[in-house]
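Listed below are the residues making up each chain.
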Amino acid sequence: MAPVSEQLEPQGAGADPAAATPLPGPPAGEEPRRENGGEWRPGSGESGAQPPAAPAEEGPGSPGCPGSAAAPEPPEGGWGWVVMLAAMWCNGAVFGIQNSCGVLFVSMLRLFGSSDDKQLVFKTAWVSSLSMGMVFFCSPIVSIFTDLFGCRKVAVIGAAVGLVGLLSSSFVSTIEPLYFTYGIVFACGCSFAYQPSLVILGHYFKKRLGLVNGIVTAGSSLFTVSLPFLLRVLLDSVDLFNTLRVLCILMFVLFLAGFTYKPLVPNTKDKEGGKKGKFKLPPAKKICNFSVFKVLSYRIWALGIPAALFGYFVPYVHLMNHVKERFGDSVPEEVLLLCLGITSGVGRLIFGRVADYIPGAKKIYLQVASFFFIGLMSMMIPLCNVFGALVAVCLFMGLFDGCFICIMAPIAFELVGAQDVSQAIGFLLGLMSVPMTVGPPVAGLLRDKLGTYDVAFYLAGVPPLIGGAILCFIPWVHERQKLKARAKPVDGETTEKMLENESTLVSDTTEKPAKELDSGF
């Protein structure tokens, strides 16, 4: 996913210097109107008026805050390359472990299972689904903490919490404690470590931010490709608990990587503390900006994406066990995760570039196509009676998974504008957590009741089709919103020209008698 920070650019740059000259209209302190799409429109109809500077409570360049003219220019390199590598490790460690949950899932079934437990798959699926769900559920909270306290502190503390959660998971004796240690503590730590890694990139890069973001997100695909094979070797040579302790090494390196996030712009706490000597929380409206939900196209997006994701995470959790039940131990099921990881990385690069050529909110059609193919591929999984067919399905699924992920930030920018893009994505990720958490346990329950995964995979393909159908309305709705937004400033500009003409006439009338007096008439 492209870092949301790349969308947060100064809004007042390039404004006409003549805007400093006062024109007839309301007092200068009046806050300008902000129309849908993030474009600043002067509330009084004054042409050239600059948007207001960022409030004192908000640090420039922090997520969700407009940049200010005083914000330093990104160095486009230097220490930023070290930050890039640290962020790449963060993406790989967090989502490499999460995406490889299918391998751990099979080991948990074998370790904690018993022939008497008829809901074993359902209970075990909650561990992985809770973990992935909590990563997204915490996103709105992480956005607030990153804004208040900065990227470095949030990332380091998050990695430390994740390390404690993963290490404590290696000492449990039943499946139930894993709901808390792995599903909540470890996942919350991952969420707090992950999001600052996206924000910090905008501090160091601007012109190269697209390239840097591509390299960083490639870390996720790289770990997703390699980690399942490492986990299989570890699980065969040592048990599940020692494997979790080995994974703690990844989290410890992530803890150290967080210290490289040297901030180049002050966060809210530093600015307030430097000015008053005492930190004071900004108003609640500035911490949680719910105004994004006033945008109809964003509301539809925030409904359609979660609706499509009820079946999204089901293959990641249950595919390994499905392959083992259908083909036994004769096939290397880890190859399927390898295919998903490789083509997901390729899809991010290809469709990220394609999206640059698609104007405005029409980018949403790429997500519609993604959900259509993801749903279709999920339904085809039970129909694959040979392993090669499953490989082909996973290749296509990974490709369109990468397409869905890589254009999240560009679409959010088109719908709500640069000012609100960070919290808009944070709210969306929080809403996504619910279906991603519920889907895999429901699929596990169906498996326990019916004895096969076929119905679970068929049903997992339905929500993406429904969600894609909902998203089809967004470009039409967004265009109507833009037309309405354009109609309002026209009236303001007409009023402004009338005021200017009236001012000119008054000026001419007063100057003419003065000239006549000077000439002796």
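Keep in mind that what you see is a predicted model, and the values were worked out from it rather than measured.

## Some thoughts on the overall build of the chain
Within the chain, the regular secondary structure consists of 21 helices and two strands. Counting across all 521 residues of the chain, residues that qualify as buried make up 53%. Expressed as a percentage of contacts within the chain between residues at least 6 apart in sequence, the contacts between residues at least 24 apart total 85%.

## Regarding the side chain of Asn-321
Within the secondary structure, Asn-321 sits in helix 13 (residues 314-327). Look at Asn-321 and you get buried, because its relative accessible area is 8%.

## Here we look at helix 20 (residues 462-471)
Count 3.6 residues to each turn of an α-helix, and residues three or four apart come out pointing the same way. Inspection of helix 20 places Pro-463, Pro-464, Gly-467, Gly-468 and Leu-471 among the buried residues, and these make up the whole buried set. Viewed along the axis of helix 20, the buried residues span an arc of 135°, placing them on a single side of the element.

## Points about the packing of helix 5 (residues 151-169) against helix 6 (residues 176-199)
When two helices pack together, their arrangement is given by the angle between their axes and by how far apart the axes lie. The N-to-C vectors of helix 5 and helix 6 enclose an angle of 155°; their axes lie 7 Å apart at closest approach. It follows from the interaxial angle that helix 5 and helix 6 lie roughly antiparallel. Seen along the crossing, helix 5 lies across helix 6 with a hand that is left-handed. Contact residues: helix 5 offers Cys-151, Val-154, Ala-155, Gly-158, Ala-159, Val-161, Gly-162, Gly-165, Leu-166, Ser-168 and Ser-169, while helix 6 offers Leu-178, Thr-181, Tyr-182, Val-185, Phe-186, Gly-189, Cys-190, Phe-192, Ala-193, Pro-196 and Val-199. Of the residues belonging to the contact of helix 5 with helix 6, the class tally is 15 nonpolar, seven polar and no charged.

## So, the confidence of the model for the chain
Do not read the predicted coordinates in detail wherever pLDDT is low. Per-chain confidence: the chain averages 74 in pLDDT, with 72% of residues scoring 70 or above. In the predicted structure, residues 1-70 sits below a pLDDT of 50 and forms 138 contacts with residues beyond four places in sequence or in another chain. Taken as a whole, residues 509-521 scores under 50 in pLDDT and shows one contact with residues more than four places along the chain or in a different chain.

## Quick look at the packing of aromatic side chains
Enumeration according to the criterion identifies 21 aromatic pairs in this entry. Taking the centre distance of 6.2 Å and the plane angle of 85° together, the rings of Phe-327 and Phe-387 count as edge-to-face. Here Phe-387 lies in helix 16 (residues 387-406) and Phe-327 lies in helix 13, a separation of 60 residues in the sequence. Judged by relative accessible area, which is 17%, Phe-327 ranks as buried. By way of ring pairs, the aromatic residues Tyr-312, Phe-313, Tyr-316, Phe-371 and Phe-404 are connected into one cluster. Above the plane of the ring of Phe-171 lies Arg-245, whose end atom (NZ or CZ) is 4.6 Å from the centre.

## Here's the deal with the pattern of salt bridges
As enumerated under the stated definition, the model contains three salt bridges in all. Across the pair Glu-325 and Arg-447 runs a salt bridge whose closest N-O atoms are separated by 2.8 Å. Of the two residues, Glu-325 sits in helix 13 while Arg-447 sits in helix 18 (residues 421-450), which places them 122 residues apart along the sequence. Under the relative-accessibility criterion, Arg-447 is labelled buried at 17%. Across the pair Asp-454 and Arg-326 runs a salt bridge whose closest N-O atoms are separated by 3.2 Å.

## Quick look at the environment of Trp-301
By the element assignment, Trp-301 lies in helix 12 (residues 296-308). Sequence spacing of Trp-301 and Gly-468 is 167 residues, and the spatial spacing of their C-alpha atoms is 10.0 Å. At 3.0 Å, the side chain of Trp-301 and the side chain of Gln-367 are in polar contact.

## Some remarks on empty space enclosed by the protein
Inspection of the entire model under this criterion finds five cavities of 30 Å³ or more. Its volume calculated, the largest cavity comes out at about 340 Å³. Around the largest cavity, the lining is made up of 23 residues, and of these Phe-95, Phe-136, Tyr-312, Arg-348 and Ile-405 lie nearest the centre. If you list the elements that add at least two residues to the lining of the largest cavity, you get helix 1 (79-99), helix 3 (120-137), helix 8 (209-237), helix 14 (334-355), helix 16 and helix 18. Counting residues per element, the lining of the largest cavity draws most heavily on helix 14, which supplies four residues. Tallied by class, the residues present in the lining of the largest cavity amount to 14 nonpolar, seven polar and two charged.

## Quick notes on the environment of Phe-372
Note on placement: Phe-372 falls in helix 15 (residues 364-380). The spatial distance from the C-alpha of Phe-372 to the C-alpha of Gly-467 is 9.0 Å, given a sequence separation of 95 residues.

## Quick look at a nonpolar patch on the surface
On the surface, Phe-372, Leu-376, Met-380, Leu-383, Tyr-458 and Leu-465 cluster together into a nonpolar patch covering about 510 Å² of accessible area. Per-element accounting of the nonpolar patch gives the leading share, three residues, to helix 15.

## Concerning the side chain of Ser-297
By the secondary structure assignment, Ser-297 is in helix 12. Assessed through its relative accessible area of 0%, Ser-297 is described here as buried. Here the side chain of Ser-297 touches His-478 through a polar contact of 3.4 Å, side chain to side chain. Sequence-distant contacts of Ser-297, defined by excluding residues within four places in its chain, comprise Leu-415, Ile-474, Val-477, His-478 and Gln-481.

## Quick look at the packing of helix 2 (residues 101-112) against helix 3
Where helix 2 meets helix 3, the closest approach of the two axes is 10 Å, and the angle between their N-to-C directions is 135°. Our classification of the angle between helix 2 and helix 3 gives oblique. Here helix 2 and helix 3 pass one another in a crossing that is right-handed. For the pair helix 2 and helix 3, contact is made by Cys-101, Phe-105, Met-108, Leu-109 and Phe-112 and by Leu-120, Val-121, Thr-124, Ala-125, Val-127 and Ser-128, respectively.

## Some points on the environment of Leu-383
Within the element layout of this structure, Leu-383 appears in the loop between helix 15 and helix 16. Each C-alpha atom of the pair Leu-383 and Phe-457 lies 10.0 Å from the other, and the pair is 74 residues apart in sequence.

## Concerning helix 3
Look at helix 3: 25 Å from first C-alpha to last across 18 residues, which is about the 26 Å you get at 1.5 Å a residue. The largest bend in helix 3 is about 25°, located at Trp-126.

## Quick notes on the state of the cysteines
Summed over the entire model, instances satisfying the criterion amount to zero disulfides. Here Cys-90 stays unpaired: no disulfide links it, and the sulfur of Cys-190, its closest cysteine neighbor, is 8.1 Å away. Under the relative-accessibility criterion, Cys-90 is labelled buried at 0%.

Calculation rules
- Positions within a chain are numbered from 1, following the residues in the order the chain's sequence is written.
- Residue-level local features of this predicted model are given only where pLDDT is at least 70; pairs of side-chain atoms are given and counted only at 80 or more, and the full residue set underlies all totals for whole chains, interfaces and linings.
- For side-chain calculations, the full set of non-hydrogen atoms in the structure is used, while hydrogens and water are omitted.
- Helical segments are the DSSP runs of H or I of at least four residues, strand segments are the runs of E of at least two, and each set is numbered from the N terminus.
- Each residue's exposure class comes from its accessible area (1.4 Å probe, protein chains only) as a fraction of the maximum for that residue type: buried when under 20%, exposed when over 50%, partly exposed otherwise.
- Contacts: residue pairs with any heavy atoms within 4.5 Å of one another.
- The arc in question is the one traced by the directions running from the helix axis out to the C-beta atoms.
- Between N-to-C directions, angles cover 0 to 180 degrees, with each direction set by a line fitted to C-alpha atoms, over the stretch in contact for helices.
- Here is the rule for angles: anything less than 35 degrees is roughly parallel, anything more than 145 is roughly antiparallel, 65 through 115 is roughly perpendicular, and the remaining ranges are oblique.
- Crossing handedness: left-handed means the near helix sits turned counterclockwise from the far one by under a right angle, and right-handed means the same turn made clockwise.
- Charged means Asp, Glu, Lys or Arg here, nonpolar means Ala, Val, Leu, Ile, Met, Phe, Trp, Tyr, Cys or Pro, and polar covers whatever is left, Gly included.
- A score between 0 and 100, pLDDT records how confident the predictor is in each residue.
- Any two rings among Phe, Tyr and Trp, with Trp reduced to its six-membered ring, count as a pair given centres within 6.5 Å; such a pair is stacked if its planes are under 30 degrees apart, edge-to-face if over 60, and tilted if neither.
- By the criterion adopted, a ring carries a charge over it if an Arg CZ or a Lys NZ lies within 6 Å of its centre and within 35 degrees of its normal.
- Criterion for a salt bridge: a side-chain nitrogen of Lys or Arg within 4 Å of a carboxyl oxygen of Asp or Glu.
- Pairs of N or O atoms within 3.5 Å make up the polar contacts considered here, provided that, within protein, one atom can donate a hydrogen while the other can accept it, and that residues adjacent in sequence are counted only when both atoms are side-chain atoms.
- Cavities and pockets were defined on a 1 Å grid built over protein atoms only: a cavity is a set of grid points that admits a 1.4 Å probe from which the probe cannot escape, a pocket is an open set flanked by protein on both sides within 12 Å along at least five of seven lines, and lining residues are those with an atom within 4 Å of any such point.
- Grid points are joined across faces, edges and corners, and a volume is the space filled by probe spheres set on the points.
- In this scheme, patches are assembled from residues that exceed 30% relative accessible area and form no salt bridge. Like charges are connected within 9 Å, while nonpolar side chains (Val, Leu, Ile, Met, Phe, Trp, Tyr) are connected within 5 Å.
- The method behind every accessible area is Shrake-Rupley, applied with a 1.4 Å probe, and residues are considered shielded solely by the protein chains displayed.
- For a helix, the expected span equals 1.5 Å multiplied by the number of residues minus one.
- We define the bend at any residue as the angle between the axes fitted to the seven residues before and including it, ending there, and the seven starting there.
- Counting rule for disulfides: a pair of cysteine sulfur atoms within 2.5 Å.

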